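Tertiary structure, described
One letter stands for each residue in the lines below.
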Amino acid sequence: MTAGQTRTSIRVGGETGYEVVIGAGVVGELADVLGTAPRKVLVVHPATLGARAAALRESLSDRYEVLLAEVPDAEAGKRVEVAAFCWQVLGQADFTRSDAIVGFGGGAITDLAGFVAATWLRGVRVVQVPTTVLGMVDAAVGGKTGINTNEGKNLVGVFHAPAAVLCDVELLDTLPRNEILAGFAEIVKAGFIRYPEILDVIEADPERATDPSTPEFRRVVELAIQMKADVVSEDFTEQGLREILNYGHTLGHAVEHAERYQWRHGAAVAVGMMFAAELGRLSGRLSDEVADRHRRVLDLLSLPTSYPAGRWSTLLATMQRDKKARAGQLRFVVLDDLAKPTVMLAPDQSLLFAAYQEIGS
């Protein structure tokens, strides 16, 4: 991590390394990141950011022909029909392999923009400009792109590293507080699987930790991004270590599917982490202290820690279709201790059911 007064740069290694830049006003670096090769730039954005997308186009218009693609926000945008709309825009504008795409929005928008960039002409340059906490610490970093199908979340996707990620904290100034808190589920995940300092900062003062204007907020965001960068650098295509990033996500994705994506991703992951903690506890791996800390930290952030007890069979069926299942066997990331994640392969159904009853409401 290298830091200046207002700017931090975190390097993501691998075959095509890139920088994640965090700071106030760093969206102003977009033209420098895009460089001189593109003639045309497509900015993919949700309707809620229409005015800011127009301002972004204006700031780039002296160097590029900038097109805007307004798409549905959140999971409604992660559909093949929406990707096809973006491909149509690219085709009609004669986008070439030297042109570029910008993902400007939350995690779903950056997932979509990355997928469109990866599939157009078998891969064009993409720069991600996440505008939510979730996007900054998770979705925009790592090169995973994807869209949803009726059968589940992110079942269609490719790995496509961005040219850069610009995390401008000033873009969070109009974000509703519940959106900020939902994004903190992924930050908490980073605390449990790699950097416990995150948990210490949140427990010390949750108000300051979740206020984008404070050093505490910058610290936990940067640690979460550093964790993701460390893991992705070592395992870009999820052959081993990267699987730890799925902590809380196996059940979390099933909850999202059950709720028809009306739940925020972070809320579903919070429930998923509670389930993983109980699974670790009941299997004799995890201490009561660390398992209970999950509930304490998530409660401080007003994130959910339970889900209706009668929904287990539906969730189990969805998890068995999840891309994280291999050869029909369920895999769960659990903790042996704080910052010691491991994979539990094909746990007994009775153990899964018992863990779920611990979080059932």
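Residues numbered from 1 in each chain as written. Predicted model: local features only at pLDDT ≥ 70, side-chain atom pairs only at ≥ 80, totals over all residues. Heavy atoms only, no water.

Okay, the overall build of the protein next. When its secondary structure is counted, the protein shows 14 helices and twelve strands. A globule of 361 residues ought to have a C-alpha radius of gyration of about 21 Å, and the protein, at 20 Å, matches this closely. With respect to the principal axes defined by its C-alpha atoms, the protein has extents near 60 × 45 × 35 Å. For the protein, the proportion of its 361 residues judged to be buried stands at 57%. Long-range contacts, defined as pairs at least 24 residues apart, comprise 73% of the intrachain contacts of the protein with a sequence gap of at least 6. Where the 36 positive side-chain charges of the protein centre and where its 46 negative ones centre are 4 Å apart. (Helix = DSSP H or I, 4+ residues; strand = E, 2+ residues; numbered from the N terminus. Rg over C-alpha atoms; globule rule 2.2 N^0.38 Å. Buried < 20%, exposed > 50% of the residue type's maximum accessible area, 1.4 Å probe, protein only. Contact = heavy atoms within 4.5 Å. Lys, Arg positive; Asp, Glu negative; His and termini not counted. Charge placed at Lys NZ, Arg CZ, Asp CG, Glu CD.)

Our focus in this paragraph is the packing of helix α6 (residues 177-193) against helix α7 (residues 197-204). Helix-helix packing: each pair is described by the crossing angle between the helix axes and the interaxial distance. Relative to each other, α6 and α7 sit at 125°, their axes nearing to 7 Å. Taken as axis vectors, α6 and α7 run oblique relative to one another. Seen from α6, the contacting residues are Phe 184, Ile 187, Val 188, Ala 190, Gly 191 and Phe 192; seen from α7, they are Ile 198, Leu 199 and Ile 202. A class-by-class count of the residues in the contact of α6 with α7 yields eight nonpolar, one polar and no charged. (Axes fitted to C-alpha atoms, helices over the stretch in contact; angles between N-to-C directions. Parallel < 35°, antiparallel > 145°, perpendicular 65-115°, else oblique. Nonpolar A, V, L, I, M, F, W, Y, C, P; charged D, E, K, R; others polar.)

When the UniProt feature table is mapped onto this chain, "domain: 3-dehydroquinate synthase N-terminal" (unreviewed entry) is found at residues 70-180. Secondary structure across residues 70-180 comprises 33% helix and 24% strand; the distance between its end C-alpha atoms is 23 Å. (UniProt positions renumbered as here; feature names shortened; annotations may be inferred.)

Here Ala 229 is to be found in helix α9 (residues 215-234). Assessed through its relative accessible area of 0%, Ala 229 is described here as buried. In this structure, the C-alpha to C-alpha distance between Ala 229 and Arg 219, residues ten residues apart in sequence, is 15 Å. When neighbours within four sequence positions are excluded, Ala 229 is seen to be in contact with Ile 10, Arg 11 and Val 12.

On inspection of all chains with the given rule, the structure shows 24 salt bridges. Where Arg 63 meets Asp 32, a salt bridge forms, and the shortest distance between an N and an O atom there is 3.9 Å. Taken as a pair, Arg 63 in the loop between α2 (50-60) and β5 (65-71) and Asp 32 in helix α1 (residues 30-34) lie far apart in primary sequence, 31 residues in all. When its relative accessible area of 61% is taken as the criterion, Asp 32 is described as exposed. Connected via shared salt-bridge partners are Asp 200, Glu 203, Arg 293 and Arg 296. (Salt bridge = Lys/Arg side-chain N within 4 Å of Asp/Glu carboxyl O.)

So, on to the packing of aromatic side chains. Summed over all chains, the structure comprises six aromatic pairs. Cluster of aromatic residues (ring-pair linked, three or more members): Phe 275, Trp 312, Phe 332 and Tyr 356. (Phe/Tyr/Trp six-rings, centres within 6.5 Å; stacked < 30°, edge-to-face > 60°.)

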